[in-house]
Amino acid sequence: LPILEMIWKLGMNWTQALSFRKHIEKIGIVQTDLSSQFAFKKYIGKGAFSEVYLAQHVETATTVAAKVMKKPLGYPDVNVDGRIWDEFSKEVRVLARAQGHENIMKLHGTYLFRTNDGGNGGNNPCALTVITELLDISLLDLVKRTGKLPESSTKGVAESLLSALAHLNSVGFVHRDLKVSNVMLRSLERGGIVLVDYGFAREYQGPEVFKSVVGTV
């Protein structure tokens, strides 16, 4: 993790990040060989800022989730939206630092790739995606399907979420968007509660009073 922090603080402007593949891969922020590593199989769903696809690793056939930012990052050497990069890198930074806890979503990698938008013969805008473990069902969808959970199950969900939040706090972040749609099960048969969506997370410096409402509790 100390190495990761050093990597994220290295200075590099957007043009360099998009223009020099070896440079960006050496720094380790994103990789650029998405198509040779993963094949997108089907659309799963979407959130406010991203779309999620089921993908498969080319060599191992392992299934994963690919979360693609809806808005493209931009065109190499032409125009790049720094806000998109900031939103993406902030969420990935939180997730990367929180790795190693059973109730935190597993991060496999981040990629920069050319989209199919624009029809410009390969000169399409670049987009960003994060590859994570593939989860089964959200707590919201489970409750809609089965009705209210038994008391014992509810207790287990609460304990898992408290553990995830405590872990996030221990690595310096608060989640700020805890809701049933952001709670997933690894497997409908075997269980396993996972807290997802870290877009509203922010660094935690100590007790404070927020001046505005952010996310959901």
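Whatever comes next refers back to the structure up there.
Just so it is clear, the model here is predicted, and its values are computed rather than measured.

(A) Examining the nonpolar core more closely. Grouped together as the largest cluster of nonpolar side chains are 24 residues, with contacts concentrated most on Ile104, Met105, Leu168 and Tyr198. Of all the secondary structure elements, the ones that give two or more residues to this core are α5 (82–97), α6 (139–146), α7 (151–170), β10 (183–187) and β11 (191–195). Top element by residues in this core is α7. It accounts for four residues.

(B) Representation of empty space enclosed by the protein in the model. Applying the stated rule across the entire model yields one cavity of 30 Å³ or more. Counted as a void, the largest cavity has a volume near 100 Å³. What lines the largest cavity is Lys67, Met69, Phe88, Glu91, Val92, Leu95, Met105, Val130 and Thr132. Elements with a minimum of two residues in the lining of the largest cavity: β3 (63–69), α5 and β7 (126–133). For the lining of the largest cavity, the leading source of residues is α5, giving four residues. Each residue belonging to the lining of the largest cavity can be placed in one class, and the counts come to six nonpolar, one polar and two charged.

(C) View of α7. A rise of 1.5 Å per residue sets the reference length of α7, with its 20 residues, at 28 Å; its end C-alpha atoms lie 28 Å apart and thus fit the reference within 8%. Listed as buried for α7 are Val157, Ser160, Leu161, Ala164, His167 and Leu168. With its buried residues spanning 120° around the axis, α7 presents them on a single face. Residues of α7 that are exposed and point over 90 degrees away from its buried face: Glu151, Ser152, Lys155, Leu162 and Ser170. In the core, the buried residues of α7 are packed alongside α5, α6, β9 (173–174), β10 and β11. One or two positions beyond α7, positive phi appears at Gly172, with a value near 100°.

(D) Quick peek at the pattern of salt bridges. Applying the stated criterion to the full structure yields three salt bridges. Here Arg93 ties to Glu203 by a salt bridge, and the two come within 3.2 Å at their closest N and O atoms. Here the residue Arg93 occupies a position in helix α5, and Glu203 occupies one in strand β12 (residues 202–203), the gap between them amounting to 110 residues. We classify Arg93 as buried; its relative accessible area is 17%. A salt bridge links Glu133 to Arg186; the nearest nitrogen and oxygen atoms lie 2.8 Å apart. In this pair, Glu133 is assigned in strand β7 and Arg186 in strand β10, connecting sequence segments 53 residues apart.

Parameters at a glance
- Residues numbered from 1 in each chain as written.
- Predicted model: local features only at pLDDT ≥ 70, side-chain atom pairs only at ≥ 80, totals over all residues.
- Heavy atoms only, no water.
- Core = buried A, V, L, I, M, F, W, Y, C linked by side-chain atoms within 4.5 Å.
- Buried < 20%, exposed > 50% of the residue type's maximum accessible area, 1.4 Å probe, protein only.
- Helix = DSSP H or I, 4+ residues; strand = E, 2+ residues; numbered from the N terminus.
- 1 Å grid on protein atoms, 1.4 Å probe; cavity = no way out; pocket = protein on both sides within 12 Å on 5 of 7 lines; lining within 4 Å.
- Points joined across faces, edges and corners; volume = space filled by probe spheres on them.
- Nonpolar A, V, L, I, M, F, W, Y, C, P; charged D, E, K, R; others polar.
- Expected span 1.5 Å × (residues − 1).
- Arc of directions from axis to C-beta.
- Contact = heavy atoms within 4.5 Å.
- Salt bridge = Lys/Arg side-chain N within 4 Å of Asp/Glu carboxyl O.

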